[in-house]
Amino acid sequence: MVTTRFAPSPTGRLHVGNLRTALLNWLFAKRHGGRFLLRLDDTDPTRCRAEFATAIEDDLAWLGLVPDARFRQSDRLDRYEAALHRLAAQGRTYRCWETPEELELKRRLQLSRGQPPVYDRAALALSEADHARFAAQGRRPHWRFLLKADDPHEWVDLIRGPTRIDPGSVSDPVIRREDGSWLYMLPSVVDDIEFGVTHVIRGEDHVTNTGVQLQIFAALGATPPAFAHAPLLTAADGKLSKRLGSMSVDEFRARGFEPMAIKALLARIGTRHAVEPVCDDAALIEAFDLADLGRAQPRFDEAELAALNARIVHQLPYAAVRDRVPLLEAEWLAVRGNLTTVAEAEAWVPVLRGEVPPPALGPEAEVARAAAELIEDVERLGPESWAELTRRLAERTGRRGRALFRPLRLALTGRESGPDMAALLPLIGRERALARLRRAAA
Ligand code: GLU
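Thresholds applied
Residues numbered from 1 in each chain as written. Predicted model: local features only at pLDDT ≥ 70, side-chain atom pairs only at ≥ 80, totals over all residues. Heavy atoms only, no water. Core = buried A, V, L, I, M, F, W, Y, C linked by side-chain atoms within 4.5 Å. Buried < 20%, exposed > 50% of the residue type's maximum accessible area, 1.4 Å probe, protein only. Helix = DSSP H or I, 4+ residues; strand = E, 2+ residues; numbered from the N terminus. Contact = heavy atoms within 4.5 Å. Near = heavy atom within 4 Å. Polar contact = N/O pair within 3.5 Å; in protein donor to acceptor, adjacent residues only side chain to side chain. Areas by Shrake-Rupley, 256 points an atom, 1.4 Å probe, with all protein chains shown as cover. Axes fitted to C-alpha atoms, helices over the stretch in contact; angles between N-to-C directions. Parallel < 35°, antiparallel > 145°, perpendicular 65-115°, else oblique. Left-handed = near helix turned anticlockwise from the far one by under 90°. 1 Å grid on protein atoms, 1.4 Å probe; cavity = no way out; pocket = protein on both sides within 12 Å on 5 of 7 lines; lining within 4 Å. Points joined across faces, edges and corners; volume = space filled by probe spheres on them. Nonpolar A, V, L, I, M, F, W, Y, C, P; charged D, E, K, R; others polar. Pairing = 2+ DSSP bridges. Right-handed = clockwise from strand over helix to strand, strands pointing away.

Caption draft 1: Local environment of the nonpolar core. Judged by nonpolar contacts, the single largest core of 93 residues is most densely connected at F300 and W332. Among the elements that take part in this core, helix α1 (residues 16–31) stands out by supplying 9 residues, more than any other. Setting aside residues up to four positions removed in sequence, W332 forms contacts with V313, L316, P317, Y318, V321, V325, L327, L339, V342 and A345. Judged by nonpolar contacts, the second largest core, of 28 residues, contains V170, V207, A222 and F227.

If you want it as structure tokens, here you go:
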């Protein structure tokens, strides 16, 4: 069964970039009738926090990206230990004793000589006596995975196509730290194997890791999953901005963006499809294909999100908002076309059912007066009433266009602009309309 996973580290809130990664994994799993797993990469106890793990779950739930199963790496440390033993038995791991300062010094030396900063494997030359000596000094080793030069780092990426990493350009990765904690590289492979992950969809920043991880899959005797590396989002100006990295679900929520708008945008930017106001998950899932993602870095533009959000709000059925808006269905349908966020609906409650400030119309008060007289003769206001009223008012006052509509709208709603009056007038109702017109005429 197709199985994807989203694997954030609970070291902070989800931002728009990793929301997109989550979404791509979710869409792909749903498109293929598969499973979407949430894996918390929490092996670094100094940086991971329980409240971020909870927040990640909440953020995904808000977007409607509900995992079929969830697990955390900190519960699986014995599995990583077992894998390390298997690799060690094959001579694919080795102990190193360099301090971070020593490594940094080597790196700078290499760079100053114009060499790639690849670990020189000095530790491979150490004898057992050397190891014993370091241990006797109270030092503790970290562990590296030994890359094979003859094992090509090659795969057909589902987004990038055939991809190759030059093995000489990559250091043997550190897989375990001095304090015994695990780095990302090995646990990720162990989990992908043991949870039957079939497709790893992640950001382009992991391309080099994939080269390394392919060798770990092979060393552990497993067939690797398929890989897809999506280009990273940039801000509207084309740069990888800090702001983008800090834009969280909280902020989207606070700004009144619909989860659907975020999904519709993030599913389509960077693909050959136009960004459209897609209103339900099924339509997004149906149309989703990794092959539609391009190689160019997509731009995430807040203004585009705001515009898309408004277009989605204009189409939202009552069922999608009934718990959130203090409106009846007909009222929602009348006002939604005028909103940019669902929360703005509340502002129309006084117009529909309450009090509106009487406008100071001056000479235009004649319009309100005439309108009141016309409505007095009508028993009930219906869908045709607005057209009828404005036609007869035009005859009676000789006013047309703005000179007619503006004072009328102001008198009836207290505002210069708003939803279609034909829909609004019957909802305001005859009594309320009359009272407002009379006050405006006075
Ligand atoms: N924890 C890693 C990250 O957030 C996961 C990468 C992966 O998907 O393998 O970058």
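Caption draft 2: The site of the ligand, seen in detail. Surveying the vicinity of the ligand reveals the residues R5, A7, S9, D41, Y184, S188, R202 and H206. Here an oxygen atom of the ligand and a side-chain polar atom of R5 are 2.7 Å apart. D41 places a polar side-chain atom, nitrogen or oxygen, 2.6 Å from a nitrogen atom of the ligand. For the ligand, the accessible surface in isolation is 300 Å², of which the surrounding protein chains cover 78%.

Caption draft 3: Molecular detail of the packing of helix α16 (residues 365–376) against helix α17 (residues 385–397). Their axes nearest at 10 Å, the elements α16 and α17 cross at an angle of 125°. When the interaxial angle is binned, α16 and α17 end up oblique. Both α16 and α17 take part in a crossing whose hand is right-handed. Listed contacts from α17 to E366, V367, A370, A371, E373, L374 and I375 of α16 are L389, R392, L393, R396 and T397.

Caption draft 4: Quick peek at the layout of surface pockets. By volume, the largest pocket is sized at about 950 Å³. When residues of the lining of the largest pocket are traced back to their parent elements, those giving at least two are β1 (3–6), α1, β9 (199–203) and α8 (242–246). Top contributing element to the lining of the largest pocket by residue count: α1, with 6 residues. Residue composition of the lining of the largest pocket, by class: 16 nonpolar, 14 polar and 10 charged. Approximately 170 Å³ is the volume attributed to the second largest pocket. Considering the residues around the second largest pocket, the lining is formed by P173, V174, L183, Y184 and M185. For the lining of the second largest pocket, the class distribution of residues is 5 nonpolar, no polar and no charged.

Caption draft 5: Representation of the pairing of strand β10 (residues 226–230). The buried count for β10 comes to 4 of 5 residues, which makes it a mostly enclosed element. In the sheet, β9 pairs with β10 via 5 bridges, with the strands oriented parallel. Looking across to β10, one finds that H199 is bridged to A226. With helix α7 (residues 207–219) bridging β9 and the parallel β10, this β-α-β connection has right-handed handedness.

Caption draft 6: Seen up close, the environment of S248. Among the structural elements, S248 can be located in the loop between α8 and α9 (249–254). Sequence separation between S248 and H15 is 233 residues; the distance between their C-alpha atoms is 4.5 Å. Sequence-distant contacts of S248, defined by excluding residues within four places in its chain, comprise R13 and L14.

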